[in-house]
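Close look at the chain arrangement
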Amino acid sequence: MPNKKRILLAEDEEHLLEAIKLNLELEGYKVTPAKNGKKALQLFKEERFNLVILDVMMPEIDGFVVAETIRLENTEVPIMFLTAKNTNEDKISGLKKGADDYLTKPFNLEELILRVNNLVKRSLKGEDLKEFNSYKIGDKTIHFNSFELVNEDGSITALTKKETMLLKLLIERRNDAVSREQILETVWNYDVYPSTRTIDNFILTFRKYFEPDPKNPVYFHSIRGVGYKFTDNQH
């Protein structure tokens, strides 16, 4: 018998969580529940899933931030949002955070199951977008999966996981300012609160790695009172 397909289900309404879990289990899925965003991220790091279903309004960390954080490490697993918010702006915002589908409450369980089946099938066929696993800045290439920076001469600089995650966040938001709060939420997951100086030090390190003249940066900028911005007009 094939392995059961695994779903991470994050929903803080207990009755809804149990109803969705039961119905998905009747369809043959293995469902791992989480009642808040922090627990969902912890479970995601510990196990592999074929689909992540996220309520948007959750305690600890909301669904949008959970999705963004997952996308920094994994661009393949499908993500579906469940939410009471049904405006076009909310839907667009959710899809921009990396969601593959968006279902508004109240919803029909049959429709939920149909969408779940489609997302899981698609992920198994590997039809999702190609994984964002490398990026070139100047004459250097970052390899996100192996935490390496390959220099022009072929030499390799090892990157820490936090460096890699912060680079990925800034690059995915290239040409836009990213707030310190957002960096804390997505890279540090609220576990540790680095000081502004800590994040500044990461930016200084990136300038040493990538800038022709670190004192006059063209790629990595500190935006006073806001946060940080990666600028790249070549992509």
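This write-up is about the structure you can find in this document.

What counts, and at which threshold
- Residues numbered from 1 in each chain as written.
- Predicted model: local features only at pLDDT ≥ 70, side-chain atom pairs only at ≥ 80, totals over all residues.
- Heavy atoms only, no water.
- Core = buried A, V, L, I, M, F, W, Y, C linked by side-chain atoms within 4.5 Å.
- Buried < 20%, exposed > 50% of the residue type's maximum accessible area, 1.4 Å probe, protein only.
- Helix = DSSP H or I, 4+ residues; strand = E, 2+ residues; numbered from the N terminus.
- Contact = heavy atoms within 4.5 Å.
- Pairing = 2+ DSSP bridges.
- Axes fitted to C-alpha atoms, helices over the stretch in contact; angles between N-to-C directions.

1. Some details on the nonpolar core
- Counting residues in hydrophobic clusters, the biggest one holds 27 residues, and the most contacted among them are Phe206, Phe210 and Phe220.
- Contributions of two or more residues to this core are made by β6 (134-137), α6 (161-172), α7 (180-187), α8 (196-210) and β12 (227-230).
- Sequence-distant contacts of phenylalanine 206, that is, excluding residues within four places in its chain, are made with Glu163, Leu166, Leu167, Leu170, Glu211 and Phe220.
- One finds Leu43, Leu54, Phe64 and Val66 within the second-largest nonpolar core, a separate group that totals 23 residues.

2. Focus on the sheet that holds strand β3 (residues 51-55)
- In spatial order, the strands read β2-β1-β3-β4-β5; together these five strands make up an open sheet with parallel pairing. Each edge of the sheet is formed by a strand with only one pairing partner; in this case those strands are β2 (30-34) and β5 (101-104). Adjacent strand axes in the sheet meet at a mean angle of 20° when their direction is disregarded.
- In the sheet, strand β4 (residues 79-83) pairs with β5 via four bridges, with the strands oriented parallel. Looking across to β5, one finds that methionine 80 is bridged to aspartate 101.
- Each of β1 (6-10), β2, β3 and β4 is contacted by helix α1 (residues 14-26), which is oriented at about 165° to β2, the strand it contacts most.

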